[in-house]
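Now for the letters of each chain:
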Amino acid sequence: MATINFGGVKEDVVTREEFPMEKAREVLKDETIAIIGYGVQGPGQSLNLRDNGFNVIIGQRKDSKTWDKAVADGWVPGETLFEIEEAAKRGTIIQFLLSDAGQISLWPAIKQQLTAGKALYFSHGFGVTYNDQTGIVPPKDVDVILVAPKGSGTSLRRLFLAGQGLNSSFAIFQDATGRARERVIALGIGVGSGYLFETDFKKEVFSDLTGERGTLMGAIQGIFAAQYETLRSKGHSPSEAFNETVEELTQSLMPLVAENGMDWMYANCSTTAQRGALDWWKKFRDATKPVFEELYNSVAEGKEAARSIESNSQPDYREKLNEELKELRESEMWQAGSAVRKLRPNA
Ligand SMILES: NC(=O)c1ccc[n+]([C@@H]2O[C@H](COP(=O)([O-])OP(=O)(O)OC[C@H]3O[C@@H](n4cnc5c(N)ncnc54)[C@H](O)[C@@H]3O)[C@@H](O)[C@H]2O)c1
Ligand SMILES: CC(C)(O)[C@@H](O)C(=O)O
Ligand SMILES: [Mg+2]
Ligand SMILES: [Mg+2]
């Protein structure tokens, strides 16, 4: 473990330098890693593991679109692609990567294949933390571990192909074999993580649900919409409103933040912009802080989990989701965005 100073707080993290790929391959050389589910994380993690030289098989329902997708990605039926129960039977490490709601109905079938000494791997603390709602209580004689990439499975794969990596958290809920730690770290390195930081299942799910509902996805859309609507109501054109709300942020300013932090981005803007941003950011913080408190409490009380399970277990879940996504896509702001994207010089 490398001890790193994160803004005055020291944390132990695992880097690829201290835990190289060869070591990960050595730790997992006798394991069969069964990836159950081929949605977003499934493809990203399994393809990275396969390309890194691990022994990987996929479990999917036959006659499904995702089975066909797995075949298109080079998984071979009967050799590396199986029905869910068969893959779980063959795997010594079972990576449970169905949707969080989907894991509930498949749990009895997976549990049956969890013989002593196997490892049960999640990419979220959801199922175990909210076990009063999911019924996921692993047997005592298996390792229960987690690697949660901090980003989309699509990004995990893209960054891997670009020779980079997404940071991931890891956690051990149960160490039945004495090997849980080396197994989870080796898997974290194998799926293509940048660096790994340790957490526990509850902290992982509380922070993850807060982040995706907050600044990463929910809050950002909310604040975009509020500014865009204000500009439009004051007579600004869609082009002006979209550029001033979204396009400049994603194309110009966020890459600067990613490179060297917020102060450096500010320093590369005009003194006029700096003055205004420095005056206004605390007002936005204070205005939204109560909403974040409400959000975190809702996560901690299990209300967000209940809402996700309830909504994502409906048979017409996909159709309803598509309707809601359509509402976003067809809003004037994102229609303007579509036009703006087509006008990018490299489009
Ligand atoms: N999406 C991400 O980028 C991301 C990032 C970090 C962690 N995670 C976590 O990783 C896990 C997998 O997430 P995901 O987004 O890849 O999942 P997903 O929602 O895309 O679903 C994965 C697969 O599960 C299948 N599935 C769902 N319900 C099913 C059921 N009842 N029976 C059989 N198959 C079913 C879907 O068809 C899909 O192939 C989750 O725990 C999630 O919270 C996801
Ligand atoms: C990619 C995210 C938002 O980080 C993940 O948490 C998810 O649930 O998809
Ligand atoms: Mg999440
Ligand atoms: Mg996340």
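For clarity, every value in this text was computed on a predicted model and none was experimentally measured. (Residues numbered from 1 in each chain as written. Chains lettered and ligands numbered in written order. Predicted model: local features only at pLDDT ≥ 70, side-chain atom pairs only at ≥ 80, totals over all residues. Heavy atoms only, no water.)

Caption draft 1: Structural detail: the domain arrangement of the protein chain. Parsing the protein chain into structural domains produces domain 1 (2-199) and domain 2 (211-342). Distance between the C-alpha centres of domain 1 and domain 2: 30 Å. Residue-level contacts link six residues of domain 1 with eight residues of domain 2. Summed over both sides, the interface of domain 1 with domain 2 buries roughly 560 Å², with 67% coming from carbon and sulfur. A per-residue breakdown of the area domain 1 buries against domain 2 is headed by Ala101, Tyr130 and Gln133, which together make up 68% of the total. Taken together, the connections running from domain 1 to domain 2 amount to zero salt bridges. (Domains from an automatic or database assignment. Contact = heavy atoms within 4.5 Å. Buried area = accessible area lost by both parts, 1.4 Å probe. Salt bridge = Lys/Arg side-chain N within 4 Å of Asp/Glu carboxyl O.)

Caption draft 2: Quick look at the side chain of Asp143. Structurally, the position occupied by Asp143 is in strand 8 (residues 143-149). For Asp143, a relative accessible area of 0% corresponds to the buried category. Within the structure, the side chain of Asp143 is placed 2.6 Å from the side chain of Thr177, a separation counted as a polar contact. Within the structure, Asp143 has its side chain in polar contact with the side chain of Arg183 (distance 2.8 Å). Sequence-distant contacts of Asp143, that is, excluding residues within four places in its chain, are made with Lys118, Ala119, Leu120, Gln174, Asp175, Ala176, Thr177, Arg179, Ala180 and Arg183. (Helix = DSSP H or I, 4+ residues; strand = E, 2+ residues; numbered from the N terminus. Buried < 20%, exposed > 50% of the residue type's maximum accessible area, 1.4 Å probe, protein only. Polar contact = N/O pair within 3.5 Å; in protein donor to acceptor, adjacent residues only side chain to side chain.)

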